[in-house]
Structures are given as C-alpha cells and as structure tokens.
Amino acid sequence: MTLTQNAPSVAPKTTSPVVASRALPSVKTVVIAASAYLIAFVFLFPYLVMVLTALRPQKELRQATYLPGTFEWSNFANFWTGGLAQNLGVTLQVAAGSTVLVLLVALPAAYYTARHDFRGRTAFMILVLITQMFQPTAMLVGIYREFYQFGLVDSIWSLILVNGGFNLAFAVWILNAYFSSIPRELEEAAFIDGNGRFGALFRVTLPLAMPGVVTALIFTFIAAWNEFVVALTLTTSPGNQPLTVALNSFIGQYQVDWQNLFAGSVIATIPVIILFALIERKVVGGLTAGSIK
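Residues numbered from 1 in each chain as written. Predicted model: local features only at pLDDT ≥ 70, side-chain atom pairs only at ≥ 80, totals over all residues. Heavy atoms only, no water.

J.: Would you explain the overall build of the chain in this entry?
T.: When its secondary structure is counted, the chain shows 12 helices and 0 strands. When the helices and strands of the chain are listed from N to C terminus, the series reads α-α-α-α-α-α-α-α-α-α-α-α. The proportion of buried residues among the 293 residues of the chain is 34%. Counting only contacts in the chain whose residues sit at least 6 apart along the sequence, the fraction spanning at least 24 positions is 72%. Accessible surface computed for the chain: about 19200 Å², of which carbon and sulfur atoms make up 67%. (Helix = DSSP H or I, 4+ residues; strand = E, 2+ residues; numbered from the N terminus. Buried < 20%, exposed > 50% of the residue type's maximum accessible area, 1.4 Å probe, protein only. Contact = heavy atoms within 4.5 Å. Areas by Shrake-Rupley, 256 points an atom, 1.4 Å probe, with all protein chains shown as cover.)

Shown next, in the form of structure tokens:
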C-alpha cells in the first residue's frame, strides 16, 4: 500500500518594488537654509579675498579680477624664510602662557566667590567688573614704566603678564556664573562618597563647568593672539615681537607688500581655527561627563 501526499502548491510571493518618495522641503525650510548660506558667504568672503590676494603675484595686485592668473605659492614660503616663523612662535607662547595664567588664577577665585558668602563679596565682584572697563591703550605709559623698572621691557614675560591681567576679570565673571549655577548638593553627595574638597571639585564641579572654562580659554587666547598696541610698545627687537607686530613691517610709508601681508595673515588664522576645531568637541565632552558624574 502506497500513500501519496498531494502537497498544496504555494505560489511564490512576488514583492513589488516600493518607490520611496521624499517629501519636498517646505518654503520656510528653503528660505532659512538660503539665508544661512548667504550669511555664511558674507562672513567668509573677506577670508576668501585674503587667501586669493595671498596667492597673487605682485604684478597682478592692481588687476580687477577675482582669481589670480597664476598662483604665487612662494608668498607663503617667504613667511618662513623671512623670519616670521620666530614671531609666530612668540605669539603662540604669549597666547598660551596668558591663557594658562588666567585659568590658574581665575578658577580658584571664581570657585571661592561662588561657594562662600564672605563679607565684601559684592564689592569684590563689582571691583573685578570695573577693572574690565580699563583698556590697555589708556595705561600704556604706566605699563611701560612699571615693566621698565622691573627690567622686563622687550620680554615675552611682560606680554604674558599684561594679557593675562587684562583678561582675568572676564574669566572670573564667566566662571563665577557657571560655578554658581551648579547645585551644592552635588558636591555634598561627593563628600558622602568619600571625596574631599579637591576631589569634589575635579570630579564633579569642573566637568559641569567645562563650558565656562572653554569660554574663558577661547576669549583669553584670541585676545592675547590679536593684541597689538601693548606688544608694539613693550617689544623693541624683531625677534621678540609677536606676529601682529611683525606683520606691520610689510606696511611701508609709500608702499604696502600686500601679497606677503595677506599670506602672513592667512597663516596667523590657522592656529585659531585649529583651536576652535578642538574646543568644540571638548564642550560636548565636558557636558556629558559632568552629567554622568
């Protein structure tokens, strides 16, 4: 006896291709995007002109053309062979030294004023704010005489001290606001976990206040990087002058060396761009680390 099984035939499934249609952006989105690109172009256009001028040969400087006929890459090479690399190093030392000095002084000052209600605290903060109103140009004579008596004229240390002093008030105010916004209960919880004052500060408070630290860092670094008047007054030898003063040597009484001036300006903006690229990640990292801890 044979048994036969008649299995029902199942037709294979056929899948029809589904065409995913993307919805067109709204008019509001298009207008906002176009406005953003236009604003970005307006802000970036001067830098584009600076780069193109730095690549022009001297004979094409007065030609009304957008692009140079020939790209003169030797203008950037003249920056290094002309001795300006040493001035760039001086600028880096002054900006980095001033930033480190400001953070070392502003962090404990801002933390103490934010966590302790001592007598005269309001008067102290107002005094700090008043010092921010003074400009270095208004005190050039006094600054020069003071550093001359200490033998610090034509020294990198004088530039570090001056830039650090004039940016200290802003850093204290910014960091004080961030420390005041952090609840004290977080530090008290860290005390219960066995941390001391410094442990709670470095493990809890500073990660949460990292956006304020980064703001003070950027402000101080850029202000010291772009400073010109005090550096021109306190430095005399070409080797000790920062890049802002050294670039002024391309401006003569009857002629301006535009191509080398713009080439040096392009190179001078590169470290600041690199700093912003690195700091952007640190801000997000500081926020997430502080929230986790």
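J.: Could you clarify how one ought to interpret unusual backbone geometry in this entry?
T.: In terms of backbone geometry, most residues other than glycine have negative phi values and most peptide bonds are trans. At Asp154, a residue that is not glycine, the phi angle is positive and equals roughly 60°. Relative to the assigned elements, Asp154 resides in the loop between α5 (140-149) and α6 (156-181).

J.: Would you mind showing me how to read the environment of Leu247 here?
T.: Its location among the elements puts Leu247 in the loop between α11 (243-246) and α12 (258-292). Taking the relative accessible area as the measure of exposure, Leu247 reaches 10% and is therefore buried. On a C-alpha basis, the gap between Leu247 and Leu261 in space is 6.3 Å, while along the polypeptide they are 14 residues apart. Leu247 has contacts with Leu84, Leu261, Gly264 and Ser265, leaving out every residue within four places of it along the chain.

J.: Could you clarify how one ought to interpret the environment of Gly97 in this entry?
T.: Its place among the elements puts Gly97 in helix α3 (residues 84-115). Of the residues examined, Gly97 reaches a relative accessible area of 22% and is grouped as partly exposed. A C-alpha to C-alpha distance of 9.2 Å links Gly97 and Leu159, two positions 62 residues apart in sequence.

J.: Before we go on, may I ask you to explain helix α1 (residues 27-54) in this structure?
T.: Along an α-helix, residues three or four apart share an orientation, since each turn contains 3.6 residues. In a regular helix each residue adds 1.5 Å, so 28 residues correspond to 40 Å; α1 covers 40 Å between its end C-alpha atoms and thus fits that length. The largest bend along α1 reaches roughly 40° and is located at Leu44, with the proline Pro46 sitting one to four residues downstream. Among all positions of α1, only Met50, Leu52, Thr53 and Ala54 are buried. (Expected span 1.5 Å × (residues − 1). Bend = angle between axes of the 7 residues up to and from the residue.)

J.: Would you explain the nonpolar core in this entry?
T.: One broad trend across soluble globular proteins is that nonpolar side chains are buried collectively. Formed by 25 residues in total, the largest nonpolar core has its most connected members in Phe76, Phe79, Leu84, Leu88, Trp225, Leu243 and Leu247. When contributions to this core are tallied by element, the ones reaching two or more residues are α1, α2 (74-81), α3, α9 (210-226), α11 and α12. Among all residues touching Leu84, those that are not within four sequence positions of it are Phe79, Leu243, Ala246, Leu247 and Phe250. Within the second largest apolar cluster, 19 residues are counted, among which are Ala106, Met125, Ile182 and Leu201. (Core = buried A, V, L, I, M, F, W, Y, C linked by side-chain atoms within 4.5 Å.)

J.: When you look at the packing of aromatic side chains in this model, what are you seeing that I'm missing?
T.: For any pair of aromatic rings, the description rests on two quantities: the centre-to-centre distance and the angle between the ring planes. Counted according to the given criterion, the structure contains 7 aromatic pairs. With a centroid separation of 5.7 Å and an interplanar angle of 20°, the aromatic rings of Phe221 and Trp225 are classed as stacked. Here Trp225 and Phe221 lie together in helix α9, a separation of 4 residues that amounts to about one turn. Here a set of aromatic residues connected by ring pairs shows up, and it is made of Phe71, Trp73 and Phe76. (Phe/Tyr/Trp six-rings, centres within 6.5 Å; stacked < 30°, edge-to-face > 60°.)

J.: Any chance you could explain a nonpolar patch on the surface here in plain terms?
T.: There is a patch of nonpolar side chains on the surface, built from Leu38, Ile39, Phe41, Val42, Phe43, Phe45, Leu48 and Val49 and spanning about 780 Å² of accessible area. As for its placement among the helices and strands, Ile39 is situated in helix α1. (Patch = residues over 30% accessible without salt bridge, like charges linked within 9 Å, V, L, I, M, F, W, Y side chains within 5 Å. Salt bridge = Lys/Arg side-chain N within 4 Å of Asp/Glu carboxyl O.)

J.: Honestly, empty space enclosed by the protein in this entry has me stumped. Any pointers?
T.: Sizing a probe to match a water molecule and rolling it over the atoms shows the empty space that remains. Scanning all chains against the criterion turns up 1 cavity of 30 Å³ or more. Estimates place the volume of the largest cavity at around 50 Å³. Around the largest cavity, the lining residues are Thr91, Val94, Leu159, Asn163, Ala224, Trp225, Glu227, Ala231, Pro242 and Thr244. Residue composition of the lining of the largest cavity, by class: 6 nonpolar, 3 polar and 1 charged. (1 Å grid on protein atoms, 1.4 Å probe; cavity = no way out; pocket = protein on both sides within 12 Å on 5 of 7 lines; lining within 4 Å. Points joined across faces, edges and corners; volume = space filled by probe spheres on them. Nonpolar A, V, L, I, M, F, W, Y, C, P; charged D, E, K, R; others polar.)

J.: Whenever I open this one, the side chain of Thr53 confuses me. Can you help?
T.: In this structure, Thr53 sits in helix α1. Classification of Thr53 as buried rests on a relative accessible area of 15%. In contact with Thr53, not counting residues within four places along its chain, are Leu61, Gln259 and Phe262.

J.: Where do I start with α5 in this structure?
T.: Among all positions of α5, only Leu140, Ile143 and Phe147 are buried. Along the long axis of α5, the arc covered by the buried residues comes to 65°, so they all point the same way. Projecting away from the buried face of α5 at angles above 90 degrees are the exposed residues Val141, Arg145, Tyr148 and Gln149. Close packing links the buried residues of α5 with α6 and α10 (229-234). At the exit of α5 stands Gly151, carrying a positive phi of roughly 70°. (Arc of directions from axis to C-beta.)

Geometric values such as these leave the question of function open.
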